[in-house]
Amino acid sequence: MLSRKKKYQKTNTLTAQNRYLKENERQAFMRHPKNTGLLFSLCLLLCGCAAAAKILYPVTNDPLKTTAGIYKLDPTHANIIFSVNHLGFSLHHGRFNQIEGSLDLNNNAPENSRLYVHVSADSIDTNSEELDKKLRSKSMFNAVEHPHIIFESQRVTLSGEKTAIISGQLTLAGISRPLDIETTFIGSGTNPLNGKKTVGFSGKGTLLRSEYGLKEWLPFVGDEVALIIEAEFIRPN
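Residues numbered from 1 in each chain as written. Predicted model: local features only at pLDDT ≥ 70, side-chain atom pairs only at ≥ 80, totals over all residues. Heavy atoms only, no water.

Some details on the overall build of the chain
From N to C terminus, the chain includes three helices and 11 strands. Its helices and strands taken in sequence order, the chain reads α-α-β-β-β-β-β-β-α-β-β-β-β-β from the N to the C terminus. Among the 237 residues that make up the chain, the fraction classed as buried is 31%. Long-range pairs, those at least 24 residues apart, make up 55% of the contacts in the chain with a sequence separation of at least 6. Roughly 15700 Å² of accessible area belongs to the chain as shown, and the carbon and sulfur atoms make up 58% of that amount. (Helix = DSSP H or I, 4+ residues; strand = E, 2+ residues; numbered from the N terminus. Buried < 20%, exposed > 50% of the residue type's maximum accessible area, 1.4 Å probe, protein only. Contact = heavy atoms within 4.5 Å. Areas by Shrake-Rupley, 256 points an atom, 1.4 Å probe, with all protein chains shown as cover.)

Brief notes about unusual backbone geometry
Glycine aside, the phi torsion of most residues is negative, and most peptide linkages are trans. In this model, L218 is joined to P219 through a cis peptide bond whose omega is 0°. Looking at the element boundaries, P219 is found in the loop between β10 (197-208) and β11 (221-234). The backbone phi angle of A173 is positive, close to 55°, even though this residue is not glycine. Note that A173 resides in the loop between β8 (163-172) and β9 (175-190). Even without being glycine, W217 reaches a positive phi, approximately 70°. Mapped onto the elements, W217 comes out in the loop between β10 and β11.

What to know about the layout of surface pockets
Picture a little ball the size of a water molecule; that probe, rolled over the atoms, points out where space is still empty. Reported here for the second largest pocket is a volume of approximately 250 Å³. Along the walls of the second largest pocket sit 16 residues, with V59, G187, T198, G200 and E232 positioned nearest its centre. Among the secondary structure elements, those contributing two or more residues to the lining of the second largest pocket are β9, β10 and β11. The element that contributes the greatest number of residues to the lining of the second largest pocket is β9, accounting for five residues. For the lining of the second largest pocket, the per-class residue count stands at eight nonpolar, seven polar and one charged. (1 Å grid on protein atoms, 1.4 Å probe; cavity = no way out; pocket = protein on both sides within 12 Å on 5 of 7 lines; lining within 4 Å. Points joined across faces, edges and corners; volume = space filled by probe spheres on them. Nonpolar A, V, L, I, M, F, W, Y, C, P; charged D, E, K, R; others polar.)

Here we look at the nonpolar core
Core analysis: the largest hydrophobic core is formed by 39 residues, its most contacted members being F96, L103, F141, I149, F151 and F233. In contact with L103, other than residues within four places in its own chain, are G69, I70, Y71, R114, L115, V199, F201 and F233. (Core = buried A, V, L, I, M, F, W, Y, C linked by side-chain atoms within 4.5 Å.)

Observations regarding the pairing of strand β7 (residues 148-158)
Pairing of strand β5 (residues 114-120) with β7, which is carried by five bridges, proceeds in the antiparallel orientation. The residue bridging Y116 from the neighbouring strand is E152, located in β7. Bridge count for β7 against β8 is eight bridges, and the pairing is antiparallel. Within the sheet, the bridge partner assigned to I150 lies in β8 and is T171. (Pairing = 2+ DSSP bridges.)

Describing the packing of aromatic side chains
Going through the model one piece at a time under the given rule, you end up with four aromatic pairs. When the ring of F82 is compared with that of F96, the centres are 5.6 Å apart and the planes differ by 45°; the resulting orientation is tilted. Of this pair, F82 sits in strand β2 (residues 69-86) while F96 sits in strand β3 (residues 90-96), and the two are 14 residues apart along the sequence. Here F82 falls in the buried class, since its relative accessible area comes to 11%. What links up through ring pairs into an aromatic cluster is the set F82, F96 and F141. (Phe/Tyr/Trp six-rings, centres within 6.5 Å; stacked < 30°, edge-to-face > 60°.)

Right, here's the structure in full:
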């Protein structure tokens, strides 16, 4: 027992000595003018790279300055989030994790732009495995027979300098209904990470789930579903 105690004390002593030596080495390194200058130069270089990126890859929030063309949705920077009233106590949120889509962007005549979005119904995620399983079942999304949720635009109506209403058809659980998405243009430019033209939008909309046959738990769980959409689209080179 005494031997173990001495060994423990020796280990603690060595650890403290190592910390002391490392701290002295760090302070000695920082006191050296050449090393201090090196660190300062490195900081300036990193700051300069960030500043240079802002200059070399400017982002505009003017939708008229976007680059026209066909863009593909970036699934790593796309979110479709929904919320519904839960028993009158709270708004319960969920999302879809597998999203694909394309945007035919016409900056000269934005009203002629077209949007197509394809969502995997099986990718629904409410942070509850039990609830997700129920939502995928035949009584709700029926993801086996109707694996895809599809939105296809039919009309784009400008509502402001950076806003528009995208009207189209939403097909959910095999039922198609009209849906309007209030859209706000966020920005466009060349993405410094991949060198490709990128545009970003935010959107919101509402639907009645009962109109798509999703009637489980009504009226205790709300019928109106609010949608929040955030998306970036990339134009292939």
